[in-house]
Amino acid sequence: MLDDIKKTLWATADKLRANMDAAEYKHLVLGLIFVKYISDTFAAKQQELNVRLRDPKDEYYFGEASDADVAVELEERDYYTAANVFWVPESARWEAIRAAAKAPDIGKRIDEALTVIETENPKLKGILDKRYARAQLPDGKMGELVDLVSTIGFGDNPSTARDVLGQVYEYFLGMFANAEGKRGGQFYTPASIVKTLVAVLSPHEGKVYDPCCGSGGMFVQSEKFIEAHGGKIGDVAIYGQEANPTTWRLAAMNLAIRGIDFNLGREPADTFTKNQHADLRADYILANPPFNISDWWHGSLMGDPRWVYGDPPQGNANYAWLQHMLYHLKPTGRAGIVLANGSMSSSQNNEGAIRAAMVDADVVEVMVALPSQLFFNVQIPCCLWFLSKQKTKRKGEVLFIDARKLGGMISRTQAELSDEVITRFEKTVAAWRGEDGEYQDIAGFCRSVSLAEIASHGHVLTPGRYVGAEEVDDDDDDFADKMQKLTEKLGEQMAKGTELDALIRQKLGGLGYDI
């Protein structure tokens, strides 16, 4: 049911977009959903307080206070801040915005509401994007958008309503990433990739870090994983950094809307030159850094202590990201990173030497080759690196998984990994680590390989090189019979091809074109 609601909401919101670019429009929609969320959360708390203030058995009981006195008491900010609920001034509450939806200056009023909310809640400073007054939407569309957002999360149970808002926000993030195509990959990692990283790393408690956190999807999925395994939100501390200011805001809103506390640094900033968590040593690192970026280098990075395994090339940041994350791991920590396939085999500009040093230091734990087309409209094949600062088991070995054929198409241009496939990864790695079940190499899928064998292959980490070909069941047909059948089939296809060629010549000839 909720899936249908999300699709309907998206279709309506997308229709209101008119000719506005998706990259611009997403900030309007997601910002409104966020304001609706904090306003609904405030209203739910106020409703709860109203009951408690009138209950003689409750510690908040307000004696024989009149309705007017209770109404005044309900506006006491301390009740809300003590419960980590954002204080929303009356003029900025959703009902006030909704009431003004048809006003010609609704954009200006929304900007003013956002300014008031930021002023009253220092934690939201710089997070809310005040661009509604100058939005290039046709007349009346902004009001219709406010009306649409008003329908999200509507219900009797405030808790359920807030959860619906969180899910809609996440769904819209994915849909906007799809609408933006290649640019969407800059702020959103497809869910099945994030789920795979989380499933293999199994974060339960401690510090979770993403040095290029985009819209915060890694954190949201980590918290979901923890809740699904009996933990609760808050069992892990969230640390992130993001250079793009608008994406940084999306991440902050995405986490706040899920009730997740976070530290995304003081401001949006470049991870390499303005590292905002320099002293952090994390238990888990999950990241999808931009692939193969060439303009990352700055002279101040020369001799940086993060480059433990060698100076990364100035024309490609892949091995800078890998070393940055290793540097920020605790001795017992683990990292999962998405990178382009070239990172597994490149030997240009010192990359091969750095990879060899990492392999020989035994910090590479698992390598996974992923199917193509997992990203929106991006064909570049990618892989997963899982790093471990200090292996406790399987020392001197690397587990290779070849998942290139395990993707399922969900649209004409995009594939994804199913939950069954992700569970298979999770169980395989857990068995290999000796945590659950018995591990076995499976030809064509997984194999545990010694560091010596990897060195004999020039420290190339491409799984296909090690796992071999998938075993194929023999159907016991005689070879001569198979060849006869295949030859006959080929002959039929060639004859059909000749027939189609003649038909094409005939049609073109009829139009006056001869081949």
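Residues numbered from 1 in each chain as written. Predicted model: local features only at pLDDT ≥ 70, side-chain atom pairs only at ≥ 80, totals over all residues. Heavy atoms only, no water.

A. The arrangement of the environment of Glu-438 in detail. Within the secondary structure layout, Glu-438 lies in the loop between helix 14 (419–432) and strand 10 (446–450). Linking Glu-438 and Ala-243, residues 195 residues apart in sequence, is a C-alpha distance of 43 Å. (Helix = DSSP H or I, 4+ residues; strand = E, 2+ residues; numbered from the N terminus.)

B. Main features of the packing of helix 9 (residues 191–201) against helix 14. Their axes nearest at 9 Å, the elements helix 9 and helix 14 cross at an angle of 25 degrees. With respect to helix 14, the element helix 9 is oriented roughly parallel. When the axes of helix 9 and helix 14 are compared, the crossing they make is right-handed. Contacts between helix 9 and helix 14 pair Ser-192, Lys-195, Thr-196, Ala-199 and Val-200 from the former with Asp-419, Ile-422, Phe-425, Glu-426 and Val-429 from the latter. Classifying every residue of the contact of helix 9 with helix 14 gives five nonpolar, two polar and three charged. (Axes fitted to C-alpha atoms, helices over the stretch in contact; angles between N-to-C directions. Parallel < 35°, antiparallel > 145°, perpendicular 65-115°, else oblique. Left-handed = near helix turned anticlockwise from the far one by under 90°. Contact = heavy atoms within 4.5 Å. Nonpolar A, V, L, I, M, F, W, Y, C, P; charged D, E, K, R; others polar.)

C. Layout of helix 13 (residues 351–360). Of all the 10 residues making up helix 13, seven are buried; the element is thus mostly covered by neighbouring parts of the structure. Here helix 13 has its buried residues at Glu-351, Gly-352, Ile-354, Arg-355, Ala-356, Met-358 and Val-359. A positive phi of about 65 degrees marks Asp-362, the residue just after helix 13. (Buried < 20%, exposed > 50% of the residue type's maximum accessible area, 1.4 Å probe, protein only.)

D. Region of the structure containing the sheet that holds strand 2 (residues 236–240). Read across the open sheet, the eight strands follow the order 2-1-3-4-6-5-7-10; overall the sheet is mixed. Every interior strand has two partners, whereas the edge strands, strand 2 and strand 10, have only one. Pairs of neighbouring strands in the sheet enclose a mean axial angle of 15 degrees, with direction left out of account. Examined bridge by bridge, strand 5 (residues 364–369) and strand 7 (residues 397–402) share four bridges and lie parallel to one another. By the bridge assignment for strand 7, Val-368 is matched with Ile-401. In this fold helix 14 packs onto strand 5, strand 7 and strand 10, with an angle of close to 165 degrees to the strand it touches most, strand 7. (Pairing = 2+ DSSP bridges.)

E. Main features of the pairing of strand 3 (residues 282–287). Most of strand 3 is tucked away, with six of its six residues classed as buried. Alignment of strand 1 (residues 206–210) against strand 3, held across two bridges, turns out to be parallel. Across the sheet, Val-208 pairs through a bridge with Tyr-284, a residue of strand 3. Bridging between strand 3 and strand 4 (residues 329–340) involves five bridges; their strand directions are parallel. When the sheet's bridge partners are listed, Ala-282 is paired in strand 4 with Leu-329.

F. Quick peek at the pattern of salt bridges. As enumerated under the stated definition, the model contains 28 salt bridges in all. The salt bridge involving Arg-52 is made with Glu-59; its shortest N-O contact spans 3.6 Å. On the accessibility criterion, Glu-59 (69% relative accessible area) is exposed. A salt bridge links Lys-330 to Asp-283, with the nearest nitrogen and oxygen atoms 3.2 Å apart. Placement of the pair is Lys-330 in strand 4 and Asp-283 in strand 3, with a sequence separation of 47 residues. Residue Asp-283 is classed as buried on the basis of its relative accessible area, which comes to 14%. Beyond isolated ion pairs, a larger network of salt bridges with shared partners links Lys-45, Glu-48, Arg-52, Asp-58 and Glu-59. (Salt bridge = Lys/Arg side-chain N within 4 Å of Asp/Glu carboxyl O.)

G. How the structure looks around the packing of aromatic side chains. Under the counting rule described, the total for this entry stands at 18 aromatic pairs. On the numbers, 5.4 Å between centres and 80 degrees between planes, the contact of Trp-10 with Phe-172 is edge-to-face. Note that Trp-10 is positioned in helix 1 (residues 2–16) and Phe-172 in helix 8 (residues 158–180), a separation of 162 residues in sequence. Residue Trp-10 shares its accessibility class with Phe-172, and that shared class is buried. Members of the aromatic cluster, connected to one another through ring pairs, are Trp-10, Tyr-25, Tyr-171, Phe-172 and Phe-176. (Phe/Tyr/Trp six-rings, centres within 6.5 Å; stacked < 30°, edge-to-face > 60°.)

H. Structural view of the environment of Arg-355. Mapped onto the fold, Arg-355 is located in helix 13. Using a relative accessible area of 1% as the deciding quantity, one classes Arg-355 as buried. Along the chain, Arg-355 and Ser-345 lie 10 residues apart, while their C-alpha atoms are 8.7 Å from each other. Look past the residues within four positions of Arg-355 in its chain and what remains in contact with it is Tyr-319, Ser-343, Met-344, Ser-345, Ser-346, Trp-385, Gly-458, His-459, Val-460 and Leu-461.

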